[in-house]
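Results of the structural survey
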Amino acid sequence: MYQKLKGTYDILPSESDFFRYVMQEVSSIAGLYGYKEIQFPILEYANLFQRGVGDSSDIVVKKEMYVFEDRGHRLVALRPEGTAGAVRLYIENGLHMSGHTQRLFYIGPMFRAENPQAGRYRQFTQFGFELIGDPSPDADVELIAINHHLAKRLGITGVTLYLNSIGCRECRPVYQQRLTEYLTSHKDGLCEDCQMRLTINPLRVLDCKEEICQRIVRQAPLQYEHLCEACQAHFEAVKASLTSLGIAFEIDPYLVRGLDYYNRTVFEFKSASLGAQSTFSAGGRYDYLVKDLGGMDTPATGFAMGMERLAMVIEASTGKKRTDFYRPPFVYVAGIGESLSQAVWQALSFLREHGISATTEFRYTQLKKHLKSADKLRSSYAVLLGEDEVQKGIWTLRNLQTGEQIQDSPAEIVAFLRAKKEKAD
Ligand code: ATP
Ligand code: MG
């Protein structure tokens with residue numbers, strides 16, 4: 001028997017309506033905030049990501065990227081995240097020429113060769129929002145507000161927003177120097193990955209999850225105490241705007257994020273319901289990336305949310321399982337007797353033309369078998385078609401919960417069903 005790869009998962013027919021529902025809510029929020037969907041390839045040149053996510057990111061340090069040579073000996077990679085591709089798209093298509101800030105969103109599979117755990121996969125789905133071209137603190141606030149709004153729409157509770165500023169290319173080196181001195185004096189106590197990070201990007205040691213590193217980090221000098229005036233003002237403005245919008249936050253001075261391209265504002269949304277992988281959304285400002293990838297000097301800010309962790313948070317918050325979102329075909333059409341296939345087809349088409357989902361089992365001719373199928377599918381109504389109905393040009397409609405039946409013309413029954421369906425929606 002064939003098996004799926006470790007760290008991948010299947011979405012079954014009973015669960016897919018849940019993911020569709022979440023995706024619809026995401027696109028609806030995107031629309032409300034004026035974000036337009038973009039799509040870019042899953043496969044890109046590997047150097048886009050190497051450059052994009054940076055040498056000290058987990059993706060590079062822990063060799064999380066799926067890289068291989070294609071048949072033309074080009075080094076390509078399965079995308080590990082979306083921002084690099086989005087920025088590549090922005091530059092390559094000259095979106096800066098539009099003359100307005102670009103508000104973009106994407107959704108799709110990402111790939112990282114990680115150790116699979118609950119909420120951590122090798123193929124997972126992320127959606128991300130990117131706001132390219134606006135340096136103001138309120139651009140950061142907008143992305144946080146989108147997260148907040150989405151959480152509210154999806155009925156998520158018990159969420160905490162963690163916020164930090166990691167400074168800019170002016171003030172970070174000064175701080176980095178002090179941090180490096182401190183960490184170097186404790187080098188032997190750090191984990192292997194952090195000893196490596198110490199030379200590439202000591203900031204990343206701050207969010208190491210290893211207990212031994214955390215103990216050392218708790219005494220380390222903090223970035224937000226070393227911000228330059230401009231970064232300080234930016235950070236204060238973000239906080240003030242969030243406060244006036246009524247969005248609660250906690251400052252986490254150790255929050256630095258796993259990708260190298262961030263500067264100034266960084267944030268994470270965590271849920272107590274998630275256990276170890278408690279972050280379900282993360283983002284921040286990345287003012288240097290567009291230029292680093294060959295574009296013009298362009299400020300930008302964004303976030304990415306993991307669909308699988310979001311699903312876990314929704315289940316934990318609402319008490320609903322993903323299978324509870326299953327939407328059955330509303331009507332089941334039962335042809336009772338031989339040679340009724342034409343009548344069954346007519347009924348199915350008529351229902352579908354009026355926007356009512358309908359299905360049948362072509363192979364059954366007995367009422368009992370049809371009702372069993374309808375029950376398994378969890379349809380709400382059945383249209384029963386026998387010789388008598390076909391002759392009179394009417395339908396018998398059975399309410400599958402109560403067993404109640406009525407007879408009427410197809411047009412009347414469809415009108416009735418549409419009203420019921422609207423109520424159910
Ligand atoms: P983490 O700290 O969880 O490893 P990260 O910093 O590597 O996350 P980002 O690319 O910033 O990852 O991720 C944004 C979001 O994408 C995360 O909050 C999470 O919801 C999701 N995510 C990241 N990696 C995975 C994964 N391997 N499996 C499932 N979801 C993931
Ligand atoms: Mg990671």
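Residues numbered from 1 in each chain as written. Chains lettered and ligands numbered in written order. Predicted model: local features only at pLDDT ≥ 70, side-chain atom pairs only at ≥ 80, totals over all residues. Heavy atoms only, no water.

1. Observations regarding the domain arrangement of the protein
Taken domain by domain, the protein comprises domain 1 (16-171 + 227-322) and domain 2 (329-424). A separation of 47 Å is found between the C-alpha centroids of domain 1 and domain 2. (Domains from an automatic or database assignment.)

2. Some points on the site of ligand 1
Inspection of the region around ligand 1 gives 16 residues, with Arg112, Glu114, Tyr121, Arg257 and Arg309 positioned closest. Between ligand 1 and Arg112 there is a distance of 2.6 Å, counted from an oxygen atom to a side-chain nitrogen or oxygen. A distance of 3.2 Å is found between an oxygen atom of ligand 1 and a side-chain nitrogen or oxygen belonging to Lys209. Considering ligand 1 on its own, with 580 Å² of exposed area, one finds that the protein chains cover 95% of that surface. Of all elements in the fold, only β6 (123-132), β10 (279-285) and β11 (300-306) reach the threshold of two or more residues within the shell around ligand 1. Here the element with the most residues in the shell around ligand 1 is β10; it accounts for three residues. When the residues that make up the shell around ligand 1 are grouped by side-chain class, the tally is four nonpolar, six polar and six charged. (Near = heavy atom within 4 Å. Polar contact = N/O pair within 3.5 Å; in protein donor to acceptor, adjacent residues only side chain to side chain. Areas by Shrake-Rupley, 256 points an atom, 1.4 Å probe, with all protein chains shown as cover. Helix = DSSP H or I, 4+ residues; strand = E, 2+ residues; numbered from the N terminus. Nonpolar A, V, L, I, M, F, W, Y, C, P; charged D, E, K, R; others polar.)

3. Side note on the environment of Phe303
Turning to its location among the elements, Phe303 is positioned in strand β11. The class of Phe303 is buried, set by a relative accessible area of 2%. Between the C-alpha atoms of Phe303 and Asp140, which are 163 residues apart in sequence, the distance is 9.5 Å. Each residue touching Phe303, except ones within four places of it in the same chain, is listed here: Phe127, Gly128, Phe129, Glu130, Leu143, Ile146, Asn147, Phe267, Ser281, Ala282 and Gly283. (Buried < 20%, exposed > 50% of the residue type's maximum accessible area, 1.4 Å probe, protein only. Contact = heavy atoms within 4.5 Å.)

4. A short note on helix α2 (residues 46-53)
Looking only at α2, the buried set comprises Ala46, Leu48, Phe49, Gly52 and Val53. Down the axis, α2 shows its buried residues gathered within 155° of arc, on one side only. Exposed side of α2, more than 90 degrees from the buried face: Asn47 and Arg51 are the residues found there. Contacts from the buried residues of α2 go to β2 (43-45), α3 (58-61), β3 (67-69), β4 (75-78), α4 (83-92) and α10 (289-292). Positive backbone phi, approximately 95°, marks Gly54, located one or two places after α2. (Arc of directions from axis to C-beta.)

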